[in-house]
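Structure at a glance
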Amino acid sequence: MSDSPFRDRLAYLRRKLDETDLDGVVISQPENRFYLSGFSGSSGLLLITKNRAAIFVDGRYWEQVGQESPDLELIRQTRTEPYADQLAKVLPGLGRTLGFEAAHITVAQQEDWLQKVPGVEWQPTRQFVETLREVKDESEIQRIRTAARITDGAVRSLASLLEPGMMEDTLSWRLERWMRENGAEEMAFGVSVSSGLNTSKPHAHGGKCPLANNEPVWIDLGAKKDHYCSDMTRAFWFGDAVTERYRAVWELVRQAQEESIAAIRPGVAAAEVDRIARSRIEEAGYGYAFSHALGHGVGLEIHESPSISPLSQSVLTAGMVITIEPGIYLPGWGGVRIEDLLLIREDGVELLSHAEKRLAWE
Ligand code: ZN
Ligand code: ZN
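The residue count restarts for each chain, going from 1 along the sequence in the order it is written. Each chain is given a letter, starting from A, and each ligand a number, starting from 1, according to the order in which they appear as written. Only residues with pLDDT of at least 70 get local features here, since the model is predicted, and only at 80 or more are side-chain atom pairs given and counted; chain-wide, interface and lining totals rely on the full set of residues. In computing side-chain properties, one takes all heavy atoms of the structure into account and sets aside hydrogens as well as water.

What follows covers the domain arrangement of the chain. For every domain, the bounds stem from an assignment made automatically or drawn from a database. Per the domain assignment, the segments of the chain are domain 1 (4-133) and domain 2 (138-361). When each unit is reduced to the centre of its C-alpha atoms, the spacing between domain 1 and domain 2 is 35 Å. Domain 1 puts 9 residues into the contact, and the matching count from domain 2 is 7 residues. Taking both partners together, domain 1 and domain 2 bury about 740 Å²; carbon and sulfur atoms supply 49% of that area. We define buried area as the total accessible area lost by two parts upon association, computed with a 1.4 Å probe and summed across both. For the domain 1 face of the interface with domain 2, the top three residues by lost area are Glu-31, Phe-34 and Arg-133, together amounting to 58%. What counts as a salt bridge is simple: a side-chain nitrogen of Lys or Arg found within 4 Å of a carboxyl oxygen of Asp or Glu. Scanning the region where domain 1 abuts domain 2 turns up 3 salt bridges. Polar contact is defined as a pair of N or O atoms within 3.5 Å, subject to the rule that within protein one atom must be able to donate a hydrogen and the other to accept it, and that residues adjacent in sequence are counted only when both atoms are side-chain atoms. Seen at the junction of domain 1 and domain 2, the total is 4 residue pairs in polar contact (both at pLDDT 80 or more). Numbered from the N terminus, helices here are DSSP runs of H or I no shorter than four residues, and strands are runs of E no shorter than two. Among the elements of the structure, helix H2 (30-37) and helix H6 (130-133) are those that each provide at least two residues to the side of domain 1 that touches domain 2. Residues are grouped as follows: Ala, Val, Leu, Ile, Met, Phe, Trp, Tyr, Cys and Pro are nonpolar; Asp, Glu, Lys and Arg are charged; every other residue, Gly included, is polar. Within the side of domain 1 that touches domain 2, the residues separate by chemical class into 2 nonpolar, 3 polar and 4 charged. The contact criterion used throughout is that any non-hydrogen atoms of two residues lie within 4.5 Å.

This is the structure:
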């Protein structure tokens, strides 16, 4: 990758445009906009055609966009003219057939554009930029690696952060504070701490429930560094009297994770990796209790393409960064999920999560 990844990415996107009958595409999804332009503001439209690359932003961002995206043509949105009227002046000049991001533009915005931007035929696109983002370059991998190291550090500090009787949300805050004080610019998502019966809800968020002695706990956390995310889950028994059932379920989840990771290499279907973990859990009679996908891509977004699930059409490729996170959730008993972040390389897998998996903490 050259010093200007954005130029390379634009060139790549234009080659993709050549394969369609679109004259250009309007990018509004924030991570896609950043990926192609380097502009990190929270709103704006990026307009890309075969020979123009322009960005449409309001007065809050005029200075910033000049610094972050000096090569882009800047179209200033002003306060004195309605937004759609300004678009109507600019967009027809960019092409007759323009794509827009179907997963991001609202019905209201689309109606506005259809009405107020005559002369443009709008075509919805899906996954137009997301598939480019699946394979990471070296600079992206470095950032994800750094974010993963911060997550590792927080988990390794658990001994000093955990206290019997503390609330779930107190532990969430301590983990978040540890990550912020050790280089995270923000959280990749709200730190999730779940204990006791709450652990059977895969997306439970830490609340006012105390971490009682001898109960299951899991923590799911990720840092953001230079815009890139990390993601990790560790499940453990909090106390010194691990039950046999917890030990068995925890060990089964760990094995399902290990076996599915061992199958990962370029050219393998994502659905096949999911099947390996899922059939391991099904054979033990817990298939009904593994209620989510095995994993997902991680990058600028915490959940991005490819999906590692039974329905996924993706084929794993070197440079993809994904999670592998099998789980078993039993209402009225509790749950276990173990999640690692990893990089797919030409010769297999490099784990990016290093914090140990401990059955129990006291
Ligand atoms: Zn995840
Ligand atoms: Zn996670």
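Right, let's talk about the coordination of the zinc ion (ligand 2) for a bit. Sites may look incomplete, because water is not among the atoms used; the donor set itself consists of N, O and S atoms within 2.8 Å of the metal (3.2 Å for Na, K and Ca). Taken together, the protein donors to the zinc ion (ligand 2) comprise Asp-220 (OD), Asp-220 (OD), Asp-231 (OD) and Glu-339 (OE), at separations of 2.1 to 2.6 Å. A separation of 3.2 Å is found between the zinc ion (ligand 2) and the zinc ion (ligand 1), which are bridged by Asp-231. On the criterion of sequence distance, the pair formed by Asp-231 in the loop between strand E11 (228-229) and strand E12 (232-238) and Glu-339 in the loop between strand E17 (334-337) and strand E18 (340-345) is long-range, its members being 108 residues apart. Accessibility assignment for this pair places Asp-231 and Glu-339 in one class, buried. For the exposure calls, accessible area comes from a 1.4 Å probe over protein chains only, and a residue counts as buried if that area is under 20% of its type's maximum, exposed if over 50%, partly exposed in between.

A few words now on helix H11 (residues 270-283). Along its 14 residues, H11 runs 20 Å from first to last C-alpha, staying within 8% of the 20 Å computed at 1.5 Å per residue. Of the residues making up H11, those classed as buried are Ala-270, Val-273, Asp-274, Ile-276, Ala-277, Arg-278, Ser-279 and Ile-281. Buried residues in H11 make contact with helix H10 (244-262), strand E14 (304-308), strand E15 (321-324) and strand E16 (327-330). Looking one or two places after H11, you find Gly-285, whose phi comes out positive at around 90°. Each residue after the first adds 1.5 Å to the expected span of a helix.

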